[in-house]
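Structural overview
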Amino acid sequence: MADYILVLDEGTTSTRAMLFTSDGAMVAVSQKELTQHYPQAGWVEHDASEIWNKTLACAQELLPKAGGAASIAAIGITNQRETVVAWDKATGEPLHRAIVWQDRRTADFCEGLRASGHESDVQSRTGLLLDPYFSGTKMRWLLDNVAEVKAAAEKGTLALGTIESWLTYKLTGGAHVSDASNASRTLLLELAGAQFDAGLCDLLGVPRAALPEVIDMSGALGETAAELFGRAIPITGMGGDQQAATIGQSCLSPGETKATYGTGAFVLTNQGRTIPRSQNRLLGTVLTQIGGERIYAIEGSVFVAGSLVQWLRDSLGVVESASQTEVLARAIPDTGGVTIVPALAGLGAPHWRAEARGLISGLSFATGKAELARAALEAMAYQTHDLAEAFAKGGRGWGTLRIDGGMSANDWMAQDLADILNVPVERPEFVETTALGAAMLAATGADLYPDLDAAAQAMRGKLHNFTPSMDDEVRDSRLARWRKALAAA
């Protein structure tokens, strides 16, 4: 019986294929790093062909471990959101490097739209703010600045899409679709709209004809071309990484909240069927769409989390590995007054300051690697606390926070989150809940389970709990130091 689920997990720094059993156990993984391109300050690009080729290679490597393609019941796809690919439908090849979600090149264009008074209407319709983070302005930049993209648009062969759209196109041999969770991150989809909105497309200058069809996140979404794996495999689950992580954390009832600490940090609270409205610079987004019915979430997005540790490792040589940060943090009683504001790609929610830049304050001759490593971990709790305040102002305070992502495996950081937020923190034994959520979507779409609740009940594993234990005085002192550094940034 075909009961394995193959998940394609498209991250910012790597691509992975992961093989799950139908009860949620991961039995094999293949991972390949992605090349990061930084053509100018604030610009971040990926090679779309590299993403496709490495994804396919990872998937093919896992086939023998499943006993062949016939043993795979379904494929689930989850991906870095907002990253944009432009390709030619006639050739199937990309026309430019993919512009990554972290990229800030459209800041001036966004500022122009804000100055013209468009942000309030855009936020009301899409749940999003006018920020370079989102896909639509990246699409406009490609049309304005890449001759091949403009020519393809004029010929009617241009395809624009986010990463799941690009991969599905390549996997199926031509289907141009986007799931509702990813589509809701473009600035081009109304939260209550079934398909991309013509008025929003006109506002941003993006041709509607180049965009994919918006589809469900679970069900019969497509199937792979037979030649890729020896037989066609159904694609039955698809979702942006943060929505998939929310599903993987079983935040399926209104009010349940998760935070994912990967390259960035992303907090989502389930809003149920109520279209979310925020007065506190948070985002409204589609959490799930199944059978045409939507569940929504309120989201706070922080641009720099694990990428701060990566920067300390790769650019400064402060640590040799990410896991070393925990050892260093435990080796000292505090940071000696050092605070890091990790605005290396601007500030996300709730500040939304694209022009902000990173800052390290409180340096002295006593500052060493341990102080910098601990300050980097402390910054995760501070950024999350800023989000917690914004959620609470909107009447969406957190009773418990469920955390996941590679960075959450750090026990010191998990306890620091509980202490600074002053709420219990839960972490699953299996922290890669983005991939697990994609597996749940695919398992439900392949009728292995009747609905997501049943899939989550069967596939979610054990939990570790972290309880607040910090004195109020210490917490207040640290937060005051953070706010002072944040104001300087």
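Everything numeric in this text was worked out from a predicted model, so none of it was measured.

Calculation rules
Once a new chain begins, its residue numbering starts again from 1 and follows that chain's sequence as written. At least 70 in pLDDT is required for a residue's local features to be given in this predicted model, at least 80 for side-chain atom pairs to be given and counted, and no such filter applies to totals for whole chains, interfaces and linings, which use all residues. Based on all heavy atoms of the structure, the side-chain values leave hydrogens and waters out of the count. A fitted line through C-alpha atoms serves as each axis, taken over the contacting stretch for helices, and the angle formed by two N-to-C directions is quoted from 0 to 180°. Runs of E in the DSSP output that reach at least two residues are strands. Runs of H or I that reach at least four are helices, and both are numbered from the N terminus. When an angle is under 35 degrees it counts as roughly parallel; over 145 it counts as roughly antiparallel; between 65 and 115 it counts as roughly perpendicular; any other value is oblique. Note on contacts: a residue pair qualifies if any of its non-hydrogen atoms lie within 4.5 Å across the two residues. Residues are grouped as follows: nonpolar covers Ala, Val, Leu, Ile, Met, Phe, Trp, Tyr, Cys and Pro; charged covers Asp, Glu, Lys and Arg; every other residue, Gly included, is treated as polar. Between the rings of Phe, Tyr and Trp (Trp by its six-membered ring), a pair exists once the centres lie within 6.5 Å; its type follows the angle of the planes, with under 30 degrees stacked, over 60 edge-to-face, and the other angles tilted. Burial status follows relative accessibility: with a 1.4 Å probe on protein chains alone, a residue under 20% of its type maximum counts as buried, one over 50% as exposed, and anything between as partly exposed. Ring-over charges, as used throughout, are those where CZ of Arg or NZ of Lys falls within 6 Å of the ring centre and within 35 degrees of the ring normal. Grouping buried Ala, Val, Leu, Ile, Met, Phe, Trp, Tyr and Cys residues that are joined through side-chain atoms within 4.5 Å yields what is termed a nonpolar core. Salt bridge, as applied in this entry: a Lys or Arg side-chain nitrogen positioned within 4 Å of an Asp or Glu carboxyl oxygen.

**Here's the deal with the packing of helix 13 (residues 369-393) against helix 17 (residues 472-488)**
- Their axes nearest at 11 Å, the elements helix 13 and helix 17 cross at an angle of 85 degrees. The pairing of helix 13 with helix 17 is recorded here as roughly perpendicular in orientation. Facing E378, Y382, Q383, H385, D386 and E389 of helix 13, the residues of helix 17 in contact are R478, L479, R481, W482, R483 and L486.
- Taken together, the residues of the contact of helix 13 with helix 17 break down into four nonpolar, two polar and six charged.

**A few points about the packing of aromatic side chains**
- A complete count under the given rule lists 13 aromatic pairs for this structure.
- Between Y133 and F134, the aromatic rings sit 4.7 Å apart at their centres with planes inclined by 40 degrees, giving tilted as the arrangement. Across the pair, exposure class does not vary: Y133 and F134 are buried alike.
- Ring centres of Y382 and W482 lie 5.3 Å apart, and the angle between their planes is 25 degrees; on these two criteria the pair is classed as stacked. Note that Y382 is positioned in helix 13 and W482 in helix 17, a separation of 100 residues in sequence.
- With relative accessibility at 1%, the residue Y382 sits in the buried group.
- Lying across the ring of W43, R105 places its NZ or CZ 3.8 Å from the centre.
- When the ring centre of W141 is taken as origin, the NZ or CZ atom of R105, which lies over that ring, is 4.4 Å away.

**Some thoughts on the side chain of T434**
- Within the secondary structure layout, T434 lies in helix 15 (residues 433-445).
- Since its relative accessible area comes to 10%, T434 is described here as buried.
- If near-sequence neighbours (up to four positions away) are discounted, T434 is found in contact with D9, T78, D241, A244 and A245.

**So, the side chain of T433**
- With respect to the helices and strands, the residue T433 is situated in helix 15.
- Judged by its relative accessible area of 1%, T433 is buried.
- Every residue in contact with T433, bar those within four places of it in the chain, is listed here: A244, A245, G248, Q249, D404 and P428.

**Some words on the nonpolar core**
- If you look at the biggest cluster of nonpolar residues, it comprises 107 residues, and the most contacted ones within it are L158, L188 and Y261.
- In terms of residue count, the dominant contributor to this core is helix 13 (14 residues).
- Contacts of L158, omitting those with residues within four sequence positions, involve A86, W87, K89, L95, L143, V149, A152, A153 and A210.
- The next biggest cluster of nonpolar side chains, apart from the first, holds 37 residues, and it includes A17, I51, L63 and M238.

**Observations concerning the pattern of salt bridges**
- All told, the structure shown has 32 salt bridges when counted by the stated rule.
- Put simply, D121 and R125 hold a salt bridge, and the shortest N to O gap is 3.5 Å. One end of the pair is D121 and the other is R125, both in helix 3 (residues 119-126) and four residues apart, which spans about a single turn.
- Note on D121: relative accessible area 42%, which makes it partly exposed.
- Of the residues examined, R125 reaches a relative accessible area of 23% and is grouped as partly exposed.
- What emerges from the salt-bridge pattern is a single network uniting R81, E82, R185, D241 and E299.

Taken by themselves, the reported measurements are silent on function.
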